[in-house]
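A closer look at the structure
Spelled out from the first residue to the last, the chains are:
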Amino acid sequence: MPFLRPNHLHRQFTALAQAHGPIYKIQTPSKLLVVVSSPALAREVLRANESTFSVRPTSIAVKILGYGGMEVGTLPWGPDWAGLRKILVRDVLSNRALDTCRALRERAVAAGIREIRADSVGKPTRVFDAAFKLVVDSTLAMLWGGGGGADFAAEYREATREVSQLMGRPNVSDAFPLLAMFDLQGVQREAAELAARMDGMISSVIERRLGDLAGKKGTASKDLLQILLEVQGGGGDLSTGSLIASTSSVHFKGLILDIAGGGTNTTAMLIEWAITELLNNEEVMIKVVQELDRIVGPKSLMDDHHLKELSYLNAVVKETCRLHLAMVARVAGQPCTIGGYSIPKGATVLINTWAIHRDPQLWADPLQFRPERFLNEVENGPRGNNFQFLPFGSGRRVCPGQPLAVNTLKYVLATLLHSFDWKLPAGTELELEDKFGIVIKKMNPLVLVPTPRLLNLELY
Ligand code: HEM
């Protein structure tokens, strides 16, 4: 334990696997961690023992922030979790549902690009901040038409940022539950205040929409909230009907929270990493920009239908996910055997995707950023099915937001690269150092200077 460095856990866990093999344990003061680092063992955990590992580790802050553990990510396996997840996957985040609100997203991203053009051109700009704003605004636009105005969006962004920070902060009460009643670091108090703020915002959006519907104002383009209200109004099916019988139920609002908060931070961080890798690999950047110029052209703005044709950009996104995501975590619900070793009930099993995604036996030149490896599917085979590539986890608790996340990531990244040239400010150097967290962050933020690329400045 004394040798573990919190910022470097992903590297240290990988080095330990190289020394001790693809399965080992670490006893912390409060829990037993089992780290697995091979596709075969990941398959044993996520497929062969799927029901044993159907629960994710959680924390006091995560539970408080997730409506007391009532949203999909924190609910234990059971009928409530299954019913809500079904609504999320089948009704609200299906490709068909997402297709109905693409225009809302396009408008939100175009507005964000205009702001960068007005405020940031020629100035050092934090890429994460620019990406985060576009990702949150586009998600909220798809979710509830972005209504509420710029102040509301800014307040929501700020709260989302605070949620990610609080969820990543170590809390001694998680390690020693007996201390929870003292809330020594004030995490519970902060989480409760933040949860109340988030709930206030979500409730106000729902009330405004219900008021609009009562006044028959309606929305120009159907959004995800509208789809959710239709499922709710229709009573859902037997498994889901009573869970979201009321729009003020924690389950109904928890679904909104899952969409509005789930993954915005991760998506923006992956965009920051993608641009970092592109600057570090000039020939890859040239190919991405050439593809954008060929498919979108320098005289028009990106729109959603271009995405299907941007196959090289798609490979860039996959390669970024390969190199910059860390772990999938599950808890053993009962004693079991993994890789021939006994795993006691309650042990936390970490699937070290960082190690699997960089294993030289699975990937040629694993440390190189080479999107081409994802272009030739025949050469590479179905990596996800082989548990070699797990950016969104696997099994019944696989990320339900994957279609939205991948689409938003590609759309925002492509728009930023198509609209601006991004250069390092004079006298600075590109930094690649990272630090461990719920997602792998850059140690220092990427700061770049944007310059417009589009020929017709009226387009911005
Ligand atoms: C690039 C962005 C994202 C990444 C890398 C990501 C990754 C993941 C991973 C690794 C898991 C755990 C899977 C497992 O245990 O097997 C997960 C779960 C989850 N994700 Fe995402 N995610 C992203 C975006 C999103 C978005 C946009 C949403 C919401 C719309 C979302 C909602 C969720 C939920 C609700 C769960 C819990 C599912 C359950 O427990 O049944 N994620 N995500």
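Residues numbered from 1 in each chain as written. Predicted model: local features only at pLDDT ≥ 70, side-chain atom pairs only at ≥ 80, totals over all residues.

It is worth spelling out the site of the ligand at this point. As a matter of local geometry, the ligand sits amid 27 residues, with Gly262, Gly263, Gly393, Cys399 and Gly401 nearest to it. Elements with a contribution of two residues or more to the shell around the ligand: helix H12 (250-261), helix H13 (264-280) and helix H18 (402-419). Broken down by class, the residue content of the shell around the ligand amounts to 14 nonpolar, nine polar and four charged. (Near = placed C-beta within 6 Å. Helix = DSSP H or I, 4+ residues; strand = E, 2+ residues; numbered from the N terminus. Nonpolar A, V, L, I, M, F, W, Y, C, P; charged D, E, K, R; others polar.)

The three strands are arranged S3-S11-S8 in an open sheet whose pairing can be described as antiparallel. With one partner strand each, in any of the chains shown, strand S3 (125-126) and strand S8 (420-423) form the two edges of the open sheet. For S8 and strand S11 (residues 447-452), the ladder comprises four bridges, and the chain directions are antiparallel. Bridge pairing in S11 places aspartate 421 opposite threonine 451. (Pairing = 2+ DSSP bridges.)

Time to look at unusual backbone geometry. Phi at aspartate 183 is positive, roughly 45°, even though this residue is not glycine. Here aspartate 183 shows up in the loop between helix H9 (172-175) and helix H10 (187-214). Looking at aspartate 183, the number of C-beta atoms within 10 Å reads 17, which means it is partly exposed. Of note in the backbone geometry, phenylalanine 387 takes a positive phi value of approximately 60° without being a glycine. (Buried ≥ 20, exposed ≤ 12 C-beta atoms within 10 Å, placed from the backbone.)

The UniProt feature table records "binding site: heme" (unreviewed entry) at Cys399. Within the secondary structure layout, cysteine 399 lies in the loop between helix H17 (377-380) and H18. Not counting chain neighbours up to four residues away, the residues in contact with cysteine 399 comprise Phe392 and Gly393. (UniProt positions renumbered as here; feature names shortened; annotations may be inferred. Contact = placed C-beta atoms within 7 Å.)

What follows covers the sheet that holds strand S7 (residues 348-352). Strands sit in the order S1-S2-S7-S4 across an open sheet of four strands; the sheet is mixed. Each edge of the open sheet is held by one strand with a lone partner, namely strand S1 (23-27) and strand S4 (327-331). Across the sheet, the mean angle separating the axes of adjacent strands is 25° when strand polarity is ignored. One ladder, built from five bridges, connects S1 with strand S2 (residues 32-36); its direction is antiparallel. When the sheet's bridge partners are listed, lysine 25 is paired in S2 with valine 34. Along the sheet, helix H1 (residues 9-20) makes contact with S1, S2 and S7, crossing S7 at roughly 90°. (Axes fitted to C-alpha atoms, helices over the stretch in contact; angles between N-to-C directions.)

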